[in-house]
Amino acid sequence: MKVYRRYLGREASAAILLVLLAFLVLFSFFDVLAEVKNVGQGGYKLRHAFAFVLLRLPGRAYELMPIAVLIGTLYALTTLARHSEITVLRVSGLSTIALLNGLFLVAAVFAGLTFLLGEYVAPPAEKAAHQMRLKERGRMVGQDLRSGLWVKDERSFINVRVVLPDTRLRGIRIYTFDEQAKLNSVIEAAAGEHVVPDGWRLTEIVQTTLSSDRAEVQRMPEMLWRSALNPDILAVLMVSPERMSLRHLSAYTKHLADNRQTTNRYDIAFWKKITYPLAAFVMVALALPFAAGPARVAGGAGLKVFSGVMVGILFHMLNGLFSNLGAINSWSPLLSAVTPSALFLLAAMGMIWWVERR
């Protein structure tokens, strides 16, 4: 049993890695074509476009891993069936459950790899890619918005005209209200820089304090401002929720919840981050019935691999569809995250049962 599992694991892993590499090369080519139009803006050169695409590769690998597991496993099993190796294993007493358990060992490795990529490699690489592109193009986060960035922090509303790629702030206004929702003060600052652990150091301050019958204006060269707003929260502007780490998602969701703001999109992304690596198990279970049956028929192997590609694309599309529908319709975040995998798992179980009956 150990010999067969090692052999099956080696064949399936090699096929999965080969498919993943092919997908990464293909998507990188299209990403480079998309980035070429930005070359020449500011100091953004062709080498920066290639660097941007390379930094986004871990995120691409994270997204494509379940599809690569499906197609790679399907190709490996189809090849073994074409050489009658699966037939020999079955005649030797190997059951479908035992074969599936062997494939689950392969899935466990790639599920762990998916989690590591999504949690520790892709988020910082994605952030670095966007920071580099913004810096070289001479652009700033939020500069396309008419009034800048708005953030609620307890009883304060913060307006930032410009957030630089290194999360320094330009053009800051802080509106503070009392418990009766009356405006207490307005602080205007030319710039702000985060200082650990004190908070933000604001410079060129104009503070207007309002009372019932008068307004007092005070000017200061600098001041320390404590706020729940921090660079990790500002980094959300550069990285989509699906590419963020669990730690950042949890922190930002807590910030939104504390300020009574909608968290559904980030809750869905959080649960997807937890459940997405488990899709590797669903994919190998789905590949098994596809690869069963005679594979010596002309075009049989190619048709099965093509079917696997179509199923993988459908899974990828459903994942995005349920995330968007869940955010729009306020569905349960956990349900929105697991529904695509659950549907494909049920399909895999039904197909395995049908193949076994035959």
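This text follows the structure it describes.
Throughout what follows, the structure given in this document is the object of discussion. (Residues numbered from 1 in each chain as written. Predicted model: local features only at pLDDT ≥ 70, side-chain atom pairs only at ≥ 80, totals over all residues. Heavy atoms only, no water.)

1. Some thoughts on helix 2 (residues 46-55)
Working step 1: Restricting attention to buried positions, one finds in helix 2 the residues His48, Ala49, Phe52 and Val53. Relative to the axis of helix 2, the buried residues are bounded by an arc of 140 degrees and lie together on one face. Of the exposed residues in helix 2, the ones pointing more than 90 degrees away from its buried face are Arg47 and Leu54.
Working step 2: Along its buried surface, helix 2 packs onto helix 1 (2-36), helix 3 (57-82) and helix 5 (96-136). (Buried < 20%, exposed > 50% of the residue type's maximum accessible area, 1.4 Å probe, protein only. Helix = DSSP H or I, 4+ residues; strand = E, 2+ residues; numbered from the N terminus. Arc of directions from axis to C-beta. Contact = heavy atoms within 4.5 Å.)

2. A short note on the pairing of strand 6 (residues 215-225)
Working step 1: Two strands pair when backbone bridges link them, and strand 5 (residues 199-210) and strand 6 are joined in this way by 10 bridges, in the antiparallel orientation. Looking at strand 6, one finds that Ile205 is bridged to Met220.
Working step 2: Between strand 5 and strand 6, which pair antiparallel and follow one another directly, the connecting turn spans four residues. (Pairing = 2+ DSSP bridges.)

3. As for empty space enclosed by the protein
Working step 1: This model, assessed by the stated rule, comprises one cavity of 30 Å³ or more.
Working step 2: Lys272, Thr275, Tyr276, Asn319, Ala337 and Ser341 together form the lining of the largest cavity.
Working step 3: Of all the elements in the fold, those that place two or more residues in the lining of the largest cavity are helix 8 (264-275) and helix 11 (333-357).
Working step 4: Classifying every residue of the lining of the largest cavity by side-chain character gives two nonpolar, three polar and one charged. (1 Å grid on protein atoms, 1.4 Å probe; cavity = no way out; pocket = protein on both sides within 12 Å on 5 of 7 lines; lining within 4 Å. Points joined across faces, edges and corners; volume = space filled by probe spheres on them. Nonpolar A, V, L, I, M, F, W, Y, C, P; charged D, E, K, R; others polar.)

4. Brief notes about the environment of Ser341
Working step 1: Residue placement: Ser341 occurs in helix 11.
Working step 2: On the basis of relative accessibility, which here comes to 16%, the residue Ser341 falls in the buried class.
Working step 3: Taking the C-alpha atoms as reference points, Ser341 and Asp178, separated by 163 residues in sequence, lie 47 Å from one another.
Working step 4: Apart from the residues lying within four places of it in its own chain, the contact partners of Ser341 are Ala279, Val282 and Phe315.

5. Section: the sheet that holds strand 2 (residues 156-163)
Working step 1: The antiparallel open sheet is built from six strands, whose spatial order is 1-2-3-4-5-6. At either end of the open sheet lies a strand with only one pairing partner, and these are strand 1 (149-153) and strand 6. Geometrically, the sheet is characterised by an average inter-axis angle of 20 degrees between neighbouring strands, direction not taken into account.
Working step 2: Both strand 2 and strand 3 (residues 169-177) contribute to a ladder of seven bridges, which runs antiparallel. When the sheet's bridge partners are listed, Ser156 is paired in strand 3 with Thr176. (Axes fitted to C-alpha atoms, helices over the stretch in contact; angles between N-to-C directions.)

6. Quick word on the packing of helix 1 against helix 3
Working step 1: Relative orientation of the contacting elements helix 1 and helix 3 amounts to 135 degrees, with a least axis distance of 6 Å. Comparing their axes, helix 3 and helix 1 come out oblique. The chirality of how helix 1 crosses helix 3 is right-handed.
Working step 2: Of the residues contributing to the contact of helix 1 with helix 3, the split by class is 22 nonpolar, three polar and three charged. (Parallel < 35°, antiparallel > 145°, perpendicular 65-115°, else oblique. Left-handed = near helix turned anticlockwise from the far one by under 90°.)

7. A closer look at the packing of aromatic side chains
Note on aromatic pairs: each is described by the distance of the centres and the angle between the planes.
Working step 1: The full count for this structure, using the stated rule, is 10 aromatic pairs.
Working step 2: Ring centres of Phe29 and Phe30 lie 5.7 Å apart, and the angle between their planes is 65 degrees; this geometry places the pair in the edge-to-face category.
Working step 3: For Phe30, a relative accessible area of 47% translates into the label partly exposed.
Working step 4: For Arg265, the ring lying beneath its charged end belongs to Tyr266, and the centroid distance is 6.0 Å.
Working step 5: Positioned above the aromatic ring of Tyr62 is the side chain of Lys273, whose terminal nitrogen or guanidinium carbon lies 4.6 Å from the ring centre. (Phe/Tyr/Trp six-rings, centres within 6.5 Å; stacked < 30°, edge-to-face > 60°. Lys NZ or Arg CZ within 6 Å of the ring centre and 35° of its normal.)

8. Some words on the side chain of Ser28
Working step 1: Checked against the element boundaries, Ser28 lands in helix 1.
Working step 2: With sequence-adjacent residues up to four places away left out, Ser28 is seen in contact with Val53 and Leu57.

9. Here's the deal with the packing of helix 7 (residues 246-258) against helix 8
Working step 1: Between helix 7 and helix 8, whose axes approach to 10 Å, the crossing angle comes to 155 degrees. Our classification of the angle between helix 7 and helix 8 gives roughly antiparallel. By crossing handedness, the relation of helix 7 to helix 8 is classed as left-handed. Residues Leu246, Leu249, Ser250, Tyr252, Thr253 and Leu256 of helix 7 lie in contact with helix 8, whose contacting residues are Tyr266, Asp267, Ala269, Phe270, Lys273 and Ile274.
Working step 2: For the contact of helix 7 with helix 8, a count of residues per class yields eight nonpolar, two polar and two charged.

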